[in-house]
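Now for the letters of each chain:
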2 protein chains.
Amino acid sequence: MGRLAIIAGTGALPALLAARHPAAIVRLAGVEATVSAAQVIEARLERFGALFDDLREAGVTDLCLAGAMRRAGFDRASLDARTAALLPRVMAAQGQGDDALLREIVAIFEEEGFVMRGAHELRPDLVAPEGVLAGKPPETGDAARARAILTALGPLDVGQAAVAAQGQLLGIETLQGTDAMLRFVAQTAPGSGGVLVKRAKAGQDLRVDMPAIGPDTVALAAAAGLSGIELEAGHVLLLDPDAVRAACAAHAVALWAVP
Amino acid sequence: MGRLAIIAGTGALPALLAARHPAAIVRLAGVEATVSAAQVIEARLERFGALFDDLREAGVTDLCLAGAMRRAGFDRASLDARTAALLPRVMAAQGQGDDALLREIVAIFEEEGFVMRGAHELRPDLVAPEGVLAGKPPETGDAARARAILTALGPLDVGQAAVAAQGQLLGIETLQGTDAMLRFVAQTAPGSGGVLVKRAKAGQDLRVDMPAIGPDTVALAAAAGLSGIELEAGHVLLLDPDAVRAACAAHAVALWAVP
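Residues numbered from 1 in each chain as written. Chains lettered and ligands numbered in written order. Predicted model: local features only at pLDDT ≥ 70, side-chain atom pairs only at ≥ 80, totals over all residues. Heavy atoms only, no water.

A. Structural view of the interface of chain A and chain B. Of the residues lining the interface, 30 residues belong to chain A; the matching set on chain B comes to 30 residues. Carbon and sulfur atoms supply 61% of the area that chain A and chain B bury against each other, a total of about 2,300 Å² over both sides. By the criterion of area lost to chain B, the three top residues of chain A are Q168, Q176 and F184 of chain A, representing 24% of everything that side buries. Where chain A packs against chain B, one counts zero salt bridges. For the pair chain A and chain B, the interface holds eleven residue pairs in polar contact (both at pLDDT 80 or more). Of all the elements in the fold, those that place two or more residues in the side of chain A that touches chain B are α6 (142-153), β8 (168-172) and α7 (178-188) of chain A. (Contact = heavy atoms within 4.5 Å. Buried area = accessible area lost by both parts, 1.4 Å probe. Salt bridge = Lys/Arg side-chain N within 4 Å of Asp/Glu carboxyl O. Polar contact = N/O pair within 3.5 Å; in protein donor to acceptor, adjacent residues only side chain to side chain. Helix = DSSP H or I, 4+ residues; strand = E, 2+ residues; numbered from the N terminus.)

Take a look at the structure:
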């Protein structure tokens, strides 16, 4: 691998990657990222042209998009020429869902000659392995029910997570993310004893927006009264595994991963 | 039609039906129903046998399940013999979703010889007709996006409603209902300008749990910052049409129905 830059979103992932790989950090204006590094490249969504130049000047050959990127505001008045030329592609992709948008952004970087790396390539130790990871999975049909929903929605580029309890769906993830869904379940159907299932969408490019859970996810699941979390083995990141297992033990939430 | 009894759930529908059809009212313990009538039959979920007897004694031949029936608590200690015998069927159906449960309950009443009537049969004037009902539908792809989600979920007996804005899904209805979903959108993605789509699930028995909106739905959609509501023509009730149209005008929410 050549010289790596991490385009840093929010959450723990950018720092977990930087801890193992010497990397420059790209900080996007409007995105709250807490990771620091010896080399920081400041960037703006409106100025992709400048970012390409800065990356090349820094000798960067490989890029990793890491962490959550809630869409920052976009100031059309300050577009550079490259970004203006790319805008129609980005806008068209945006209308087709999150995944389409990220795929387009990855394609744009690849066309510029950068190699896109997934967080799972850089830190395979963070990827959920198959099997029971904590506690004892409940013997209900709830995980299968939530899984069936995600399978149906995946081709539509919607839904990385769902909650089922006693055969009923209590939450299906939308743009607002898993945490918002878990808070909704906590508010509207507390104490259900149900299960959270989190999986990649069918055909999802794991190099971007790979599903992830952290200790906070476990705490929110517990607050929603859930008894377990099922992940898709090989397709969900644990941020980080020790902290997630400790949270499961502390909150009596089972955790397991299936193909 | 013979002698009608309305099994009354919450909301405006039971009273709207009773206003046009002389009917006995079945009041289920634990279900908040506000409708009154000359003849009220008190019933309990635990005592279906007694309910069958009471209905026959009152000369009731036709039944209509109307309004929302949030599951009341169920006291296994006070089951009558008929209910105990029916319990395994009800429990099995419950594990397969709301619709399956209601279908099973309808089947049980039919086996007892009662004719099950849908609210749309009793009040066809409340059914949303095709076309624009209020305001001007927005010219975005959001309604189509939400509709595609509901189409994918329908066979799984999930989802009568979804919210999309700018190509993104912001809410998918789960057990907690449309109102809870709209409150979630208001909390987590206010001011999106999106669209609520409400449809029957594929294969849904319209005689039970027919989708409905009322003026409150319009107010909640407005509070969530939505600009329009699309219904499935012929498959959604307006409770009642004048009040819904007035709410749309007051809140500047467009309303239309498509096949």
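Back to the text.
B. Looking closely at the environment of A152 of chain B. Positionally, A152 of chain B belongs in helix α6 (residues 142-153). Exposure remark for A152 of chain B: the relative accessible area of 23% places this residue in the partly exposed category. The spatial distance from the C-alpha of A152 of chain B to the C-alpha of E112 of chain B is 35 Å, given a sequence separation of 40 residues. Contacts of A152 of chain B, omitting those with residues within four sequence positions, involve A152 and L156 of chain A. (Buried < 20%, exposed > 50% of the residue type's maximum accessible area, 1.4 Å probe, protein only.)

C. Here's a closer look at the pattern of salt bridges. Residues and elements named next belong to chain B. Taken as a whole and assessed by the stated rule, the structure comprises 32 salt bridges over all chains. The partner of D62 in a salt bridge is R117, with the nearest N and O atoms 2.7 Å apart. One end of the pair, D62, is in strand β4 (residues 60-66); the other, R117, is in the loop between β5 (115-116) and α5 (119-122), with 55 residues separating them in the sequence. For R117, a relative accessible area of 22% puts it in the partly exposed group. Close ionic contact of R199 with E232 constitutes a salt bridge, the shortest N to O distance being 3.4 Å. In this pair, R199 is assigned in the loop between β9 (195-198) and β10 (212-213) and E232 in strand β11 (residues 228-232), connecting sequence segments 33 residues apart. With relative accessibility at 12%, the residue R199 sits in the buried group.

D. Quick peek at the nonpolar core. One finds L231 and L255 of chain A together with L231 and L255 of chain B to be the most contacted residues of the largest nonpolar core, which totals 62 residues. In this structure, L231 of chain B is in contact with A128, K198, I213, V236, L238, L255, W256, A257 and V258 of chain B, ignoring residues within four places of it in sequence. Counting 29 residues, the second-largest nonpolar core is a separate cluster that includes L153, L169 and I172 of chain A together with L169 of chain B. (Core = buried A, V, L, I, M, F, W, Y, C linked by side-chain atoms within 4.5 Å.)

E. Structural view of the relation of the copies chain A and chain B. Mapping chain A onto chain B calls for a rotation angle of 180 degrees and an axial translation of 0.0 Å; the resulting RMSD is 0.0 Å. The superposition of one copy onto the other is thereby described by a two-fold rotation axis. Comparing contact sets, 100% of the residues at the interface of chain A also lie at the interface in chain B, consistent with an isologous, same-surface contact. (Least-squares fit on C-alpha atoms with pLDDT ≥ 70 in both.)

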